[in-house]
Each structure stands twice: as structure tokens, then as C-alpha cells.
Amino acid sequence: MSQTTLLEEVEQWSPDICKNELKTVLPKLVSIHCRTDSSTEHIRVLRIIMDMFLPHLRLSELEEECFSKVLPKVVKVFDNLMEEISSQVSGLSSQNTELTTSLRNSLQVMIQTLETVAMCVKHVCALEGVSCLSEVRSVPSCVLYLLRNTFQHCKESEVVYSGRLSLVGDLLQALFKEAYTLQKGLIELLDRVSLHEAASKDEVSDIVTVIHNLLDICSIISSLDMALHANTWKFAIKQCVKHQSLVEEHLRHSDIISCLCEDLLGSLSSCLELAEQITQQGLQAHSPEVKLCQKSTKMCRFFANTLVHYVKEFKDFLVTSCPRFHLLFLQIHSKFPPCLSAPSLSPALAEELRGAVLVAMDALLTQLLAFRPFVESVLAEKQSCGVDTALAHCLLLVSVLAQLSSQPEGALQLWCDGSRFPEETPRLSVFDAVFQSFGRCVLERVFPVRLPGVMLRGQAQGSVSLHQHVCVQLCACVAALPAPQLPQLERSLLCALLQPDVQTALLATDVWCFLARYGSAELCLHHVLLVAQLIKSCPGETPQWNHLSLLLRRMLFLMTPAHQMELLERFPASQEENVGVWGHLLLRSLAPEVRARLERELPAMAASACEDWHRSGCMLGGVDRLNRVLWALRVVVRVEAPEPKCVSSALSILAQLWTRMCASQVQKHGRLRQTLCLVLSLSASLVKSLEPHTISQAISCLTALLPLTALDDVTLAALEFLAALGSVFIPPDIQPVVLPRLSTVFGALLASDSWLLRQHTLEAFGVFAEVTNHEEVISQGLTSEESKTRVVNFLSKMVAGEEEQAEARLERLRADSATLEAHTRALESGQEPRTHTLAQGGQEQQEHTHTAKREDDSQKQTTLEPCPKRARQECLGWEEAKVHLQTAEGALKALQTLGGAIGPQSSPPPQWLLTRLHELQTLIAHISKQVDEVT
């Protein structure tokens, strides 16, 4: 009997004949199926086998007699059809009907193949007793292969068929539908399979392969159908958990986690795009975009919950996935407010997404809190967080702090202790990590971002700054912290306090003050003594010294009177080495007896140091000591009602020092600049008690220093003094000298190129103008229309120029934040920070930082990138002459002012003074002669 005749005859058989001829005919049909090269004959034979003979095989015979021989050929034919389509599709067109018919026939055979295999799967599912995968092991592998290739073809159809998709679109839809049905049947079959603990390695390997193949399919269908994608994932995870004890050591956990994370992020990104579109366009609830967004939100919730479930079941096998978890937290949090990169959504959509994703993220964090690899990833010393994820990392750490109180001791030690042994993976303590991450959020602090505050006493929840949010969570954690973790907390607070970043130091100060207030009085005393010793050992006026002094000032309010007196006994104010300890405090923080003692000792020490300096001939080497005591003297003077003895002592010191303030020396020596700043500050505090001639000397000195180029510290101190002068009536006998000079100083400072100094000048000018009796100073000080406009706008609180748009402001702040970060890094590494050019209103200038340590070289201007050995340029010679002339002119004016202040009624000038004046006249004549010869 020929092959064709056999097939025609068999197709006419009844079920009973098929059953009787099973053993004879089935092998022949299988042989025909394996030998045929025709896809049409292939599907014909396959249908006969599956439809007419398969129902008569026993379960034990299915694999051996049928599946293992037939299904491999099915896979091969399916591949051939795929290759045939790929090779012919480029010529597909509506005019080429022959090729179109051929391709459609190939797709039709693929559809029929899937239908027939689905029939096979359905038959197996109908059998009773199918519980072992080895009984039908060829079926899952064949089905999964067909599904993967089919879904891949459908996914790439737009690219494969390009503009000719309409010619085969109906068949592609039918192909996808049959694949969907086939997968549903496979899931039903696999759901009935159950492995026992005694399952063989092959059986375990088979189920592991099925799970991994399902994951591959998930990655393909993610963009095809939401429901199919979710159901496939759900079944894959179900199989993992169902056979957990057998497969947990064989699964590719890192791949599963990576796929789940990517699908979650993909769904979230899609949902955010739709939500942003809905918000911008104001779409209604019945619109297709809103419905699609709701479906995407459900997918987000599904993937987030699935991830939490998988981590709960397989956490011990997820060591290598912890960096991915960390990254996932950062990526997700960066997509939600208050992160600046988050899209703008309506409150309702934002809240719905938060409930779908962030709630599950909190549950995931709870699962991982006690997992050491995750802790090591989050607390790694070197974090790769970018600018866009800096806030997300900070918020993650704050979330950790919020949950630490409920964790067991072991987890608490993991987070709080940091790495202690060389063999451990290096990690920070959570407190160090919080302060460091807060320090990186420069842009978010400047913008500033707002976060939900704590709801108190049923009041409406308000928004707070990032500083307050982090501070509240840190303090809450500190309140519940066991005693063994306090030493590490103290080390972290001190480390943060010594950072150059001011806001990080302020955060550490706030938390430290809470710790001192929450703890015992003895703990507060212990901390104060430690901080005082650190202040005393600081080498000079550094950022760290300022931060420590601020902490001490605040902690003095928390001390008992007895402990304050103990501090004074440990660090006596009468000893000059301790002035740094007392120079920053506020008198109102002290008990009466402690305050009275300071008001006796500090002025006495200052008067003694000043007298010693005068007796030594006012040498430059003694200026440092003088500056220290003057700085401490401000403590007892800068109060609302200073003691009369303190005022008298301070006035005597100021009267002596103003006679020694020489403009040329101030410009030349940084130490004297600091002295002048301190004298100006003291004079501002005691301005109502100053003698008229002292005021005249002060104004003359400032006039001689004009234009105060590169003397920013002096300028700020001068503005404080000038603002205070508004409350003083200048006596008529010195008004002709003082008032014009006062107007000159204000006019010069209002015309400053630096927007920052200009702003301070406007504030000082406003204070002066509000209370002064000398209104002519106001009018004469406004020397230009530009200055008048600035003052009027400032006093009327008008913003000059157009209001900056939010996006432009954000971009500007990004650039400024980068500059601040570079400055902070330079300070941390001990380098001298570069100066940067600032632009405001079309004008540019350089801001220069000066300290008391700089000496003669402080006048050298620095550029953005200075050359280490720049050749001298001869053309600048006469420019240098201008600087020297300004210095000489200032010194001569100061001498003239001094002569006018002494007056004709005093004793005659000494002979050496007249001699020196004649020598100066001769020198000036000689210089003039040289200039005439050159010209």
C-alpha cells in the first residue's frame, strides 16, 4: 500500500478500527511524518496521529510511542517555515500575488501546527494520573519552543513585514491567538505536575528548564499583551515556590530578579508617561489613556508584589542580586516627588501610583533589612549614585532609620556598627551614610524640595524641608537606640560636624543637641567638655572650628548651672588659651554667677593684652594675640544691655586701637585686616557710646581704604558699623568731615561690582536710612541713577528684571551646585578652593576668600586656572604704580585726619615727625622728576 493510499484509507477509519490497528499503523504514520519534507503533508499526518490515534494510547505509552518521535519533527518543520518566511518577506507586495499566497500558506500551516499541538496538550490534560513530567517530557520543551518563536515573530512583525503588514495581519492575529491558547493549555498541564522529594535529577532539571523558558517568554511578550505577560510571570513564580525545595539551588535567581526589576521599571515608566499626558491634557476618566494608565498601574502593583513574594521565599539565594535591589530603590524613588527629576502628576494619580509601588517597596525593604549583603551594598563606602539619585539614596537611608527600632539586635548591629574587621566587606554605619548622602543633596537643599512632615495632635500634615525631614527621623532613631550603639552614633556625629559642608554640620548639630537634651545632664557635660577641648586644640579659624563653636553655643543652653561653672573651672576665661572656648557663646545661655564671672575676666584679659601690645611698640607679631582677645571681648559687649564696666573697658580699648589703624598696613597684612574687622564689630555694638573723634577716625580709615578691592571681610564688618551709625547723631563740629566721607563710603559700596556685597550694602543702607537724622547722607550717597534705582527697588521690595522660570532656575542651581560640591571636595581634601567667576545681571567679578593667616601674598589675585610661573608683563608697570599711589594716598589721608583730630590745642608735634615729612616731600619731588624724564 502506498503512502498516499494509506493516509486516505486511515482518514476514513472509525475510532474502533484505529484502536485495533494502533500497533500496526501508528509506527508507519510516525515514519511517514519523520520522512516527509512537505509542510502540507506534515500537518496532514500530524493531525491524523493526534486526532485519531493519540486517544487510544495509554499514559505510559505516550512519550515512548508518540511524543519523543513526532514532536522533534514538529519543531524542525516550524523552524523551516520561519526561515522560509524570513527569506521571502522582502519581496512581499500586493502586486506579487504568488509570493503573497505562498507566505500566507506558510503562516496558515504554522497556525494549524499550533492548533494540532494544542489538541495534543488538551488530550494529555484530560488523562487521569498525569503527575510526573517525565511521562510527557517532550511536550513542554516542544510547546515552549513553539511559543517562544511564535511570540518573537509577532513582536518583530512590524519590522519584518514593514509596510506590508496589512497583507498578513489577519493571519498574524490568528497565530498569536493560537499561541495564547496553546500556552494556556501548557500552564494547565504543568499545574497538574507535582514532584516529590525523591524526584530524580532529570525531573528536577526538566522543571527548572520549563521555568527558565517561561522567563524567556516573559521578556518577549512584555510589550505584546499585559494579561498574558502577568499570567506567565504568575505561573513561573508559582512553579518556583511549588517546587522550592527541589529547584532553589538550580534556578537562575539573579536573572529572575533582574527580569522582574526591569519589567517593574518598564511598567512604571509607561504608567508615568501616561499619567503625565493625562495631567497635561486634562483627560477625563472615560478616555482610553486613563483606562490604559489604570491597567499599567495594576501591572506595577503586580510586579512589585511579585518581587516581594519572591524575595521572601528565596532570600538566601539572592546575595548577588543585592546591588540590583539597591539600584531598584534608587530608580523607583527618583521617579516620584520630591525628586526633581520626577514628572509632574495630578495628586490623585500620584497617590494611586504611590500605593501601587512605594508601599510594596517598603515591604521589600523590610524583607531585606536583616540581609547582610543588602546592608553592605547600601552602606558601601564608595557609592555610584549620580546627581539624579542622590536624594533617592538619602530617602532610602531615612526609611531604614524609621524601621530600625523594630529590628532584632543582629540587624541593628549590621546597620549601626559599620565594618570592624579587615576581613569584612567595608561598609559605613547608617549614621555616617545618612550624613554623607545628605551632603550630596546640594541641589535639593538649595531648590528646596519639600517632604511630608509628621502629623501631630491631629493637625493637618504639612510639608517640611529635607533638613527637617532627615533630622526628625534621625532623632526618632536616636531616641530608640540601645546604649551599645551610642559610641558609634557619637563618632558619626563628630565626623559629620567636622565636615566642611555647613548644612551637614548643622544637621549633625541639631541631632547632637537632641541627644544631649534627651540624655542625662552628665552626658551633656561629657559632650560639652569634649567639644570644648576640640575647640581649644583647633589650629585656627577653620570651618571645623566654626562648627564646633556653634555646637558648644547651643549645648550651653542645655547645661545645669553647676555644670556650666564646672566648664568655666576646667577652661578658665582668664587664660588666653581658652578664649576660643568662650568666644562664640551667648551670655543669656549662662547662669547669673557664670555670666558675672565672664563679664569680669574677659574685659580684664582684653585690656591687659591691649596694654601689652602698646608697650611692645604695636609690633605685628603681637597682633594674633590681640585678635584673639578682641574676638572674645565681643561676647560681653554684643548684648542688649552690657555691663557698664564692660562698656567702659571696651571703649578704652577701641580708643587706643582706632589711632593705630593705618589703611596701608591694613591692605598689606591679613592679621591687621582681622583686627580692623573686630574693631569695627565692637564699634558697631557700642556705637552710641563712642566718642565723636573715634567715629571720625573710623570713617576716615574706611575712606582711606576705598574702593575696598579684595577686602570683602573688611567690607562686611564696615557695613555692620555703618548700619549702626544711623542711630547716632553726629556732633556739628565733626559733621563737615564725617558726613561727606560717610556718603562717599556708601556710594562706593553701592556701586560695587559684586552682587553679594551690593546686597549687603543695600541692607545696611536701608537700616541706616530708616533711623538716621542726617538725611543728607542718603541723598549724597546715591551718586548715580543706577544706585538710586537699586535702593528704591530694594526698599519697595521689587524684584529687578523678569521672574526666573522654574526650569531655568533649576538649571542655574544645577550649575551652582556643581560649583559648591567642587568647593566642598577641595576643602575635604585640604586643598585651597579655586575662585570662580560669578555672573549676575550681565556683570562678572571674582570673589576672593581671605583669612587671618594670609600675609603679604594675600594681595595676589588668583584666576580660574593660574599659571605656576607666569612671565612678568612689562606693560603692567604703570598699573602697579596706581596701586602704590592709592596706598600712599590712603596713608597720607589717615595722617591728615590724625592731625586734625589732635588739634592745635595739644602739645607741638615731635621733631621726628617734621623730619619725616620733609623726607617724604623730597622723595615725591624725586619721583616726579623721574616721571618727567620718561615722558
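Quick summary incoming for the structure in this document. (Residues numbered from 1 in each chain as written. Predicted model: local features only at pLDDT ≥ 70, side-chain atom pairs only at ≥ 80, totals over all residues. Heavy atoms only, no water.)

Under the defined criterion, the tally for this structure stands at 28 salt bridges. Among the ionic pairs, Arg-324 bridges to Glu-262, the shortest N-O distance being 2.8 Å. Here the residue Arg-324 occupies a position in helix H15 (residues 322-333), and Glu-262 occupies one in helix H13 (residues 253-281), the gap between them amounting to 62 residues. It is possible to trace a salt-bridge network through shared partners that takes in Glu-576, Glu-611, Asp-612, Arg-615 and Arg-625. (Salt bridge = Lys/Arg side-chain N within 4 Å of Asp/Glu carboxyl O. Helix = DSSP H or I, 4+ residues; strand = E, 2+ residues; numbered from the N terminus.)

Summarising the element assignment, Phe-746 is placed in helix H36 (residues 735-750). Its relative accessible area of 0% is what places Phe-746 among the buried residues. Non-local contacts of Phe-746, meaning those with residues more than four positions away in its chain, are made with Leu-722, Thr-761, Phe-765, Phe-768, Val-777 and Gly-781. (Buried < 20%, exposed > 50% of the residue type's maximum accessible area, 1.4 Å probe, protein only. Contact = heavy atoms within 4.5 Å.)

Across all of its chains, the model carries four cavities of 30 Å³ or more by this definition. As a volume, the largest cavity reaches approximately 60 Å³. Cys-339, Leu-340, Ser-341, Val-387, Asp-388, Leu-443, Glu-444 and Arg-814 are the residues that line the largest cavity. Broken down by class, the residue content of the lining of the largest cavity amounts to four nonpolar, one polar and three charged. (1 Å grid on protein atoms, 1.4 Å probe; cavity = no way out; pocket = protein on both sides within 12 Å on 5 of 7 lines; lining within 4 Å. Points joined across faces, edges and corners; volume = space filled by probe spheres on them. Nonpolar A, V, L, I, M, F, W, Y, C, P; charged D, E, K, R; others polar.)

For the pair helix H25 (residues 521-537) and helix H26 (residues 543-555), interaxial distance at closest approach is 10 Å and the crossing angle is 150 degrees. What the angle tells us is that H25 and H26 run roughly antiparallel. Relative to H26, the crossing made by H25 is left-handed. Here Cys-524, His-527, Val-528, Val-531, Leu-534 and Ile-535 of H25 lie close against H26, whose contacting residues are Trp-545, Leu-548, Ser-549, Leu-551, Leu-552 and Met-555. (Axes fitted to C-alpha atoms, helices over the stretch in contact; angles between N-to-C directions. Parallel < 35°, antiparallel > 145°, perpendicular 65-115°, else oblique. Left-handed = near helix turned anticlockwise from the far one by under 90°.)

Right, let's get into the packing of helix H22 (residues 466-479) against helix H24 (residues 502-518). Their axes nearest at 10 Å, the elements H22 and H24 cross at an angle of 35 degrees. Here H22 runs over H24; the crossing is right-handed. Residue-level inspection shows His-467, Val-470, Cys-471, Leu-474, Cys-475, Val-478 and Ala-479 of H22 in contact with H24, the latter providing Gln-503, Leu-506, Leu-507, Asp-510, Val-511, Phe-514, Leu-515 and Tyr-518. Of the residues that constitute the contact of H22 with H24, the class distribution is 12 nonpolar, two polar and one charged.

Another point: the packing of aromatic side chains. Applying the stated criterion to the full structure yields nine aromatic pairs. For the ring pair Phe-329 and Phe-374, a centre distance of 5.9 Å and an interplane angle of 55 degrees mean the geometry is tilted. With a gap of 45 residues between them, Phe-329 in helix H15 and Phe-374 in helix H17 (residues 372-378) connect regions that are remote in the sequence. Between Phe-514 and Tyr-518 the ring centres are 5.4 Å apart and the planes differ by 20 degrees, which places this aromatic pair in the stacked class. Taken together, the positions of Phe-514 and Tyr-518, both in helix H24 and four residues apart, correspond to about one turn of that helix. Among the aromatic residues, those joined into a ring-pair cluster are Phe-329, Phe-374 and Trp-415. (Phe/Tyr/Trp six-rings, centres within 6.5 Å; stacked < 30°, edge-to-face > 60°.)

Helix length check: H24 (17 residues) gives 24 Å between terminal C-alpha atoms against 24 Å at 1.5 Å per residue, within 8%. Every buried residue belonging to H24 is among Thr-504, Ala-505, Leu-507, Ala-508, Thr-509, Val-511, Trp-512, Cys-513, Leu-515 and Ala-516, and all of these are buried. Of the surrounding elements, those touching the buried residues of H24 are helix H20 (430-440), helix H21 (442-446), H22, helix H23 (486-497), H25 and H26. (Expected span 1.5 Å × (residues − 1).)

A word on the nonpolar core. The biggest cluster of nonpolar side chains holds 293 residues, and the ones touching the most others in it are Phe-53 and Val-430. Residue contacts for Phe-53: discarding those within four places in its chain leaves Val-10, Trp-13, Cys-18, Glu-21, Leu-22, Val-25, Leu-26, Leu-29 and Ile-48. (Core = buried A, V, L, I, M, F, W, Y, C linked by side-chain atoms within 4.5 Å.)

Turning next to the environment of Ile-32. Relative to the helices and strands, Ile-32 resides in helix H3 (residues 22-35). Between the C-alpha atoms of Ile-32 and His-42, which are 10 residues apart in sequence, the distance is 8.6 Å.

Turning to the side chain of Ser-106, a few remarks are in order. Looking at where Ser-106 falls in the secondary structure, it is placed in helix H6 (residues 97-126). For Ser-106, a relative accessible area of 5% puts it in the buried group. In this structure Ser-106 touches Leu-81, Glu-84 and Ile-85, once residues within four positions along its chain are discounted.

Cis rather than trans, the peptide bond between Phe-447 and Pro-448 has omega equal to -10 degrees. Inspection of the secondary structure puts Pro-448 in the loop between H21 and strand S1 (450-452). Here the residue pair Leu-706 and Pro-707 is connected by a cis peptide bond, since its omega of 10 degrees sits within 30 degrees of zero. The residue Pro-707 is located in the loop between helix H34 (692-705) and helix H35 (712-725) in this model. Positive phi, normally seen in glycine, also occurs at Cys-618, with a value near 55 degrees. Position of Cys-618 relative to the elements: it lies in the loop between helix H29 (592-615) and helix H30 (623-637). Judged by its relative accessible area of 18%, Cys-618 falls in the buried class. Although it is not a glycine, Leu-708 adopts a positive phi angle of roughly 55 degrees. Its place among the elements puts Leu-708 in the loop between H34 and H35.

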